Every structure is written in structure tokens, then in C-alpha cells.
Amino acid sequence: MRTLLLCLCTAVALSAQSNFEFWPGAAYDPAIPTFQKVLGFEPGSRHATHAELIRYLEALSAAAPNRLKVVEYGASWERRKLVYAVIGSEANMRRLPEIQASMKKLLDPRKTTEAEAQRLIANTPAIVWLGHAVHGNEVSGPDSGLLAAYHLLAARNQPAVATALANTIVLLDPLQNPDGRMRFIHSFEQALGLEPDAAPLAAERNEPWPGGRANHYLFDMNRDWFAVTQPETKARIKMFQEWYPVVVADLHEMGSETSYYFAPEAIPFNPHLTKEQKTSLDWFGRNNAKYFDQLGYSYFTREVFDAFFPGYGASWPAYYGSIAMTYENSSVRGLLYRRLDGTIYNFQDSIRKHFTTQIATAEAAGLNRAQLLKNFWEYNKTAVAEGKSESTKAYILPRRGDTAAVDKLAALLVEQGIEVQRAPASVNGFPDGSYVVSLAQPAKRFIRVLLDPHVDMESGFLKEQERRRARKLPDEIYDVTAWSLPLLYNVECVAATSPVTAPLQPFTPAAVPKPQAFAKASVAYVVPWKGRASARFLAAALRADLKVRTADKEFVQSGRVYPRGTLAVLTSENPANVYETVTRIAGEAEVVPFDTSWVDSGVNFGSRNVALFKKPRIALAWDRPVSSQSAGAARFVIERQFGYPVTALRTPALAAADLDHFDVIILPGAQGAYGGSISAATTAKLKAWVAKGGTLVAIEEGVGYLAANGLLSTAAESLATDKKPDPAKPAAGRLLKDEAAYLESIRPERETADAVQGILGIAQTDPDHWITAGVSPTVNAMVQGRTIYSPLKLDKGVNAAHFLAPEKLLASGYMWEENRKQLAFKPLVMVERQGVGHVIGFSFDPNFRAYLDGMNVLFLNAVFRGPAHSR
């Protein structure tokens, strides 16, 4: 069947686009195999699969082994290979190890002299990285990448190719997200009929949930570069650090009614980018424009796609000195698309646009080779100098509180090429083992981007956004405005204004301190509840079928205070091999053997304030209307960060499911509202299930569903205003004296707040409730959107975390004034008892992109402690 569909598809596409020239007038070496010869179809007549992409690159390598090399650098979640092609002249390809070593020397001016740097600049090719389809359903990139590789190998008498090959090494990553692409291709082929359909609403173009954009765990990997949560990102960053490309082009797609975007980027620029990085974007933009003018393609620059957030593939590389750009192509999202003006846009044409900018980019890099390398050297040289001269000399990460989170943050910095040192003894009054990050290193600007609590946006840009809002125009902020890693992890980060002179040791992730071994206990193995490591232990213990108890109040034994939430694995109610099991699963958690149950003060193990954990059976709503990113992040946090399985339950299946098979049901954020997807009968089932002891956890729009159906005694608020109009009376006449008065007069009487693109807001936690056990007095939440919920009344439930006062709640980012005022003292986490069960609402996603490690314990408490307290 698949063969038949593909044959039909190919025949139609070829008949419509015969003799299509991707590079008009080019002649090619017949010794280099064509796309059609290897794969059996013409470029643009269908979508090349992951296996076909690799097969064609391998065929090119076999035909020209001295000019193209295929390198496997990792694998996706679904075990598909990640590969890239190294393309260059025979002379440059023979020098690959030398070229890689040269880039590492230019990276570090502390080890390389000026004279040596100038010699390297004179003799080293510029490395160019061309990356495709980090969003799997952005379909033109991979096929265009294959054509670019072919063109660089086979084109004859082409000045652009000659310039590129003589002066660059091209690293071509054909498919960054193979799992997402194959999901898209599968849905496209399933829906394909007799011929490709150009109708915008055709089923072949409109993907079923979750679509092909994201990877297996439904992550947008173009937001993951600085957080490095996904295996694809980890592999890619490691690959980057083997080469340090000076030019990076990340190829994407956008809406089908658009044209094409290339650099220069829109404002705001991140303030830690240099003048040279901004001005050199013109080299590439002008060269792309030259070829687009020849082909008659329209394009735009300096709009929409900014360079502020560091988590993009088109921004992260800039912080080691690269020129990083995004290219956005109008998407066919199939093979044909009928535009609003009636014209037909086809896949071949979309491929040609991306193909053209790749060749133009490689040429521009070749033309500017020496200056690119000089700028790379100067970027890192001035970074070290700034680190020495600026007031902040280092950042210190004190190793206290949630030490597992501190260790993870230090390891994450190292993974991204930042030098971190560890103090074996106390430093500047901080605990032994604290981490020191000196700013006198090439990564100085990247350190500031990642560790500063706030990064300023350009004042003129912000002023313009406020003007637009006043006129009810949409703002132009593209993504989140806050991402400080210490704030996301909710750990301390202290700026040192003088160099740290204490003895320090280079830190690598392998050097993370291990907990002390513990002896066999006669009464209990006690795990103080103090963060991520304790939570991982709990998940592992429950999966190992151990009985685990938790103290809701603190206790003291042998002079040591054990905080509320502390775990106890009693030997009397566990198997004889409990010591071996606890030893095996302990990980980074501290385990204290108890040989007596007597405590100096506080609760004993038999207290009513000590609860027994259930081994919870967790269901997660999956499929429309659920937000795929919210569902994917929740599942990833529970399964991959804490090692506990989740049942993904398609949302419509809630109607027929026996809910008694689950202890916890999670309703993630949604795209729209849950109301139309969950019937009244299903809602009644959920209410009865909670009343019998179920724990229902809702996130963002899930909270709105609970509020609308009597499951949580809150409501979404409209924008607060001092005006109290009387609709029964006619409006009084008014004199409008100026523009400001006019704008005020046309504001709606009742409106919602404008959406916030992403700030970190500070919430205070309730020190008495079980859901906040092991959580800091304050947490930082990622606040997005416009919905603000009213707090629960005392007779209804507990606002377990609420935002601080208006002048104190903003931790980082840019927030509209009216949102800041109204969000103050409003709930982040609500817990309401229903029968013997619990309903728990998170106003904002605690698992946002799996960045918010500082919210992990709060979310896991809802999932694991909720069932333990349903009685």
C-alpha cells in the first residue's frame, strides 16, 4: 500500500514539475550519484525518510570519499541515528584533525599567543554548520540539505562552490529530529489520496495530535540548547565542541502564506552579543538576497525572529563566538499548497529556497573566512579581558540546600564548555564542595547569560511594546524573557567582586561527591527529605515494592533535626534483603541507618502524622485538547528525571476507563479548553473517583476545567480595574482633551490582562502543608499567558503557594505592570479536599520545558504525597 501511494504521489508531482532546476544553468559531474539515482525519486516529489537521507549521504561519501565524510554523533529517543556530513576540498579534508585543533586554540587566548593566532587565522578554513529540521514537520530542510551536499560535490564551474570548498569546511546535519519527521511522514502518507491535495485544510497537511514538530517526549528542541534535557541536544552540543563552527545556520519553516526570512535578526538582541556579531550578519543577508533576487523570491529580514533568548539553535552557538542565524522558509507542510491568492506553492520550490541559502551561506563564509576567524579570536580574547576587568570576578554556587540540584547545575555548565572549579574546603564562608565559576575565561559572556538573574532588553524595544499594547496591538516579544539557571533550579548563586584565591580543583561531572556509605540498620533506613535526590530515592523505592513512610512533621534524633517529609523504610515491614535494596537504589540520596525508633523530640514512626506511601498508578491525559508540550514535559519529568512510569491515557478514553485502576490523574495544560472534550458524565466520574481517594492534578488550563466544574473552588479573573460602570445608565458626555484621554476612553469596560511571554515570578510556600515538604520557603515559577486565578477560601482548601507582593514577585524577565499588580498574592498551587481525595491545581506549569528543576519536588509531592494523604 505504501509503495502504491508513493508511486502515485511521485507521478503527480513529476508531471507538474518536469525539468525543475534547483540551481539554474548548473552542470554536474556524472560520477556523483543524483538524488533520483540513489533514492528512486526526484527531489521534491515526496519527503525523504530518515533512512533515505542517510542512504543518500552514504552514497555521496562512497562516490567522493576524499570530499565527504558521514559521521554518526548520537541517537534519538526512538534509536534513530543522528548523523552529519563533513564536506570540503580534498586538501582541507586531509587536515580535519589539524583544523579541529586550530579552532580549539583560537577559542582560548590564555593558551594561544597573538602570533600563533594570526598564523591560524591565515591558514584555517571557516567551519560552517547547516542544521535541518529540529522541528520534524518542517519538511523542506532535510531534502534541501541533500541537494546542497550534492551541489557542493558535483557542480562544475560554479564560483560559489569553488569559494566555499577552498575556504570552508561544511558540516551538514540533515535531520536533527528524526522521530518527529517520521511521525509527520507517517501521518502524511496515511492521509494521502489519489493525488496530493493543495487544499489548506486537507487531512494530509493537518497532522493528528501531537504532530511532528517535537521529539519523542514532545519537546521543542529549539528551546533546549541551554537546558540540555534531551539526548539529541546533548549529542549535538558535544559535536559542536569538537568543531566550534564560526557560522551556524539553523533552517526552519513558518506559515504557508509567508515568504522567507533570513538574518539580520529582529531586535531585541541579547546584550552579551558583540557589535561584530551583529554587523557581520549583513554579509550573509546580502548574499542570500543576491540569489533570491535572481530567482525572483521575496523575503524579509529584521522582523519577528530575534536574538534575545539563548536556547535556540540560532543563538546558543553565538556565546562561544559564532555567527548564528535562523532561516525560516514558508512551509508547504506536504507537497502542494493553495495560497489565499490562488497560486499553488509546491515542495520543490520550498526546497530550492533552503538549498539556495545554504550554498549562499557557505559562499559568504568563504568570502569572509579570515574576518570570521579573526572575530572568533577577538570574541574570546575580549571575553577573558572583560572577566578580569569587570566588577564581578566569579560566581559561587554554594553547595547547600538541594545539593543534587547544585551539582546538576555545575555539571550542566561544564557540559556546555564552561570551566567550573570546586573548593575542597570552605571558600568565602560557603560550605565545602561549593563551586566557583571564574569570569576570566572565554565563556565569560555565556556565563553572564546563564547565571545573571536578569538580562536587560533594549529600552527602545520595550517602549515600543508598551506603545503597541496601549493601542491593543500584539507585542513583538518572541519567547520567554527569563531563563537564569540558578533561578530555574532555585539554588543560590553569589557574585564575587574579587577573585577567589582559595585552593580550587577543576570540576567534571564525574567528580560529583557521593554520599557516604551507610551501615545495616536494625530499625529503619531514614532519608532526609531535602530535594531531588530524595525524590529519586522515593520513586525507586516504590518501584522496588518497598514500604516507605513519611513524617509530616520534623523530628530530632541524636541532636539532628530531620525535616518534614523525611522518609523512613522500616525493616520490620520490608523484606529481609531491604538493606541490599536500599543500597542499590540510594543514588545521591543520604541514607541514615536507625537502630532505635526513639526520637529526642517530634513525631515517632507510629504517629498519625506519619503517612504510608502508596505505589501510585499514574495516568496522564494525552491527546487533544491537551498541550503536547505540557503533557510531554510532565511525563518526561516523572519518567526520565525521577524514574517512575506513567500511563499516557488518551483524553477521550477517560469516558470509558475504569478510573479505579489509577491513584493519580494528571490534566496537563491544554490548547484551548477541556470543556468540549470531557463530557458531563466523565466529569461526574472524576468527581466520584476523587471523593473515594483519587488525586487529581491539574495544570494551567486544566485548572480552568476544574474551576468550571465544581472540582476546585477558584475562578479565572478578568483584568482588575477601578472603574465601576452602571450599565443601566447611559454614558455621560466626556470631553477628550488629548491622545491619552482618547486611548483611555476606548478601552473595554471588562477585559483580560495581556499575555506575558514568560517571566520568573516568586511564590511563597505554606510551611505547614504536606505538598510543600522539602520545598524552599519561596519558589520561582515560569509565568506565561494571561490567566490569573483567585485564591481558595479557608473553608475550601489551601493556597499552598502564592505569589509575593507586587514590588517583590518579579524575579526575572519583563512583565506588564497590570499583570504584576494583579498576580500579587494569587495562588500558584491550590489543594482542595474532595471526600477523602484531593484536587491539586498548578496555575502555571511546574514542568515548563523541563527547565524548572526548582519546582520538581513541589510537583512530585502532588503526585506521590497526594495518594499517601488520601484517607
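Scroll up a little and you will see the structure.
Residues numbered from 1 in each chain as written. Predicted model: local features only at pLDDT ≥ 70, side-chain atom pairs only at ≥ 80, totals over all residues. Heavy atoms only, no water.

*Asks:* I'm lost on empty space enclosed by the protein in this one. Help?
*Replies:* Where empty space is left can be seen by rolling a probe of water-molecule size over the atoms. On inspection of all chains with the given rule, the structure shows 7 cavities of 30 Å³ or more. Approximately 110 Å³ is the volume attributed to the largest cavity. Surrounding the largest cavity, 14 residues form its lining, L273, Q277, A307, A318 and A324 being those nearest its centre. The residue inventory of the lining of the largest cavity, partitioned by class, reads 9 nonpolar, 3 polar and 2 charged. By volume, the second largest cavity is sized at about 50 Å³. In terms of lining, the second largest cavity is formed by L218, F219, D220, R223, Q629, G632, A633 and R849. Classifying every residue of the lining of the second largest cavity by side-chain character gives 3 nonpolar, 2 polar and 3 charged. (1 Å grid on protein atoms, 1.4 Å probe; cavity = no way out; pocket = protein on both sides within 12 Å on 5 of 7 lines; lining within 4 Å. Points joined across faces, edges and corners; volume = space filled by probe spheres on them. Nonpolar A, V, L, I, M, F, W, Y, C, P; charged D, E, K, R; others polar.)

*Asks:* Explain the packing of aromatic side chains here, please?
*Replies:* Under the definition given, this model contains 54 aromatic pairs. Each ring, one from W316 and one from Y320, has its centre 6.2 Å from the other, and the planes form 75°; the classification is edge-to-face. By relative accessible area, Y320 is classed as buried at 8%. Pairing Y674 with Y705 gives two aromatic rings, centres 5.9 Å apart and planes at 45°, and the pair type is tilted. (Phe/Tyr/Trp six-rings, centres within 6.5 Å; stacked < 30°, edge-to-face > 60°. Buried < 20%, exposed > 50% of the residue type's maximum accessible area, 1.4 Å probe, protein only.)

*Asks:* Mind showing me how you'd approach the pattern of salt bridges here?
*Replies:* Opposite charge on two side chains permits them to pair, given that their charged atoms come into close proximity. Applying the stated rule across the entire model yields 49 salt bridges. A salt bridge links E466 to R469; its shortest N-O distance comes to 2.9 Å. Placement of both E466 and R469 in helix 17 (residues 459–470) is noted, with a separation of 3 residues, approximately one turn of the helix. Connected via shared salt-bridge partners are E138, R213, D220, R223, D479 and R849. (Salt bridge = Lys/Arg side-chain N within 4 Å of Asp/Glu carboxyl O. Helix = DSSP H or I, 4+ residues; strand = E, 2+ residues; numbered from the N terminus.)

*Asks:* What is the right way to read the sheet that holds strand 18 (residues 505–506) from this model?
*Replies:* The pairing of strands in a sheet comes from backbone hydrogen bonds and takes either a parallel or an antiparallel form. Read across the open sheet, the 5 strands follow the order 17-14-16-15-18; overall the sheet is antiparallel. The two strands at the open ends of the sheet, each matched to only one other strand, are strand 17 (494–496) and strand 18. With 2 bridges joining them, strand 15 (residues 421–422) and strand 16 (residues 435–438) adopt antiparallel strand pairing. Looking across to strand 16, one finds that Q421 is bridged to V436. (Pairing = 2+ DSSP bridges.)

*Asks:* Whenever I open this one, the sheet that holds strand 26 (residues 610–612) confuses me. Can you help?
*Replies:* A sheet is described by the order of its strands in space; here 5 strands give the open sequence 24-19-23-20-26, paired in antiparallel fashion. Edge positions in the sheet fall to strand 24 (592–594) and strand 26, since each of these pairs with one other strand and no more. Strand-to-strand twist in this sheet, taken as the mean axis angle between neighbours without regard to direction, amounts to 30°. In the sheet, strand 19 (residues 524–527) pairs with strand 23 (residues 567–570) via 4 bridges, with the strands oriented antiparallel. Along strand 23, the bridge assignment pairs V527 with L567. (Axes fitted to C-alpha atoms, helices over the stretch in contact; angles between N-to-C directions.)

*Asks:* What's the story with the pairing of strand 16 in this structure? I'm lost.
*Replies:* A regular strand places its side chains so that they alternate between the two faces of the sheet. Relative to strand 16, strand 14 (residues 394–397) is paired through 4 bridges, and the arrangement is antiparallel. Residue L397 lies in a different strand from strand 16, and its bridge partner there is Y435.

*Asks:* Teacher, can you tell me more about helix 17 here?
*Replies:* Along an α-helix, a turn takes 3.6 residues, which lines up residues three or four apart on a common side. Over its 12 residues, helix 17 extends 17 Å from the first C-alpha to the last, a length consistent with the 16 Å expected when each residue adds 1.5 Å. Considered for burial, the residues of helix 17 that qualify are F461, L462, Q465, R468 and R469. Seen along its axis, helix 17 keeps its buried residues to an arc of 120°; they face one direction. Residues of helix 17 that are exposed and point more than 90 degrees away from the buried face comprise S459 and K463. (Expected span 1.5 Å × (residues − 1). Arc of directions from axis to C-beta.)

*Asks:* I'm lost on the side chain of T571 in this one. Help?
*Replies:* Along the chain, T571 turns up in the loop between strand 23 and helix 20 (578–585). Those residues in contact with T571 that lie beyond four places of it in its chain are A521, S522, V523, A524, Y525 and V578. (Contact = heavy atoms within 4.5 Å.)

*Asks:* Sorry, what's going on with the packing of helix 3 (residues 50–63) against helix 7 (residues 140–154) here?
*Replies:* Working note: a packed helix pair is described by the angle between its axes plus the distance between those axes. Running from amino to carboxyl end, helix 3 crosses helix 7 at an angle of 5°, the nearest separation of the two axes being 11 Å. Taken as axis vectors, helix 3 and helix 7 run roughly parallel relative to one another. Between helix 3 and helix 7, the residues in contact are L53, Y56, L57 and L60 and P142, D143, L146, A149, Y150 and L153, respectively. (Parallel < 35°, antiparallel > 145°, perpendicular 65-115°, else oblique.)

*Asks:* Please clarify how unusual backbone geometry should be interpreted in this entry.
*Replies:* Comment: phi is negative for the bulk of residues other than glycine, and the bulk of peptide bonds are trans. Each neighbour pair has its own omega, and for A263 with P264 the value is 10°, a cis peptide bond. By secondary structure assignment, the location of P264 is in the loop between strand 8 (260–261) and strand 9 (266–269). For the peptide bond that leads from I267 to P268, omega is 10°, which places it in the cis range. With respect to the element layout, P268 can be found in strand 9. For V228, which is not glycine, the phi torsion reads 55° and is therefore positive. For V228, the location among the structural elements is in the loop between helix 9 (178–191) and helix 10 (231–243). By relative accessible area, V228 is classed as buried at 4%.

*Asks:* What is the right way to look at the layout of surface pockets in this model?
*Replies:* As a volume, the largest pocket reaches approximately 890 Å³. In this structure, the largest pocket is lined by 37 residues; those nearest its centre are S627, Q629, S630, A670 and Q671. Secondary structure elements with two or more residues in the lining of the largest pocket: helix 21 (628–641) and strand 32 (778–785). Per-element tally for the lining of the largest pocket: the top contributor is helix 21, with 4 residues.

*Asks:* Can you walk me through helix 13 (residues 347–367) in this structure?
*Replies:* Taking 1.5 Å per residue as the helical rise, helix 13 with its 21 residues ought to reach 30 Å, and the 30 Å between its terminal C-alpha atoms agrees with that figure. Counting buried residues along helix 13, 20 of its 21 residues qualify, which places the element largely inside the surrounding structure. Sitting at the amino-terminal end of helix 13 is N346, which places a side-chain oxygen 3.0 Å from the backbone nitrogen of Q348. (Polar contact = N/O pair within 3.5 Å; in protein donor to acceptor, adjacent residues only side chain to side chain.)

*Asks:* Is there a simple way to explain the environment of Q784 in this structure?
*Replies:* Residue position: Q784 is located in strand 32. Residue classification places Q784 among the partly exposed residues on the basis of a relative accessible area of 25%. Sequence-distant contacts of Q784, that is, excluding residues within four places in its chain, are made with V480, V756, Q757, G758, F844 and F848. Here Q757 takes part through its backbone oxygen, which lies 2.8 Å from a polar atom of the side chain of Q784.

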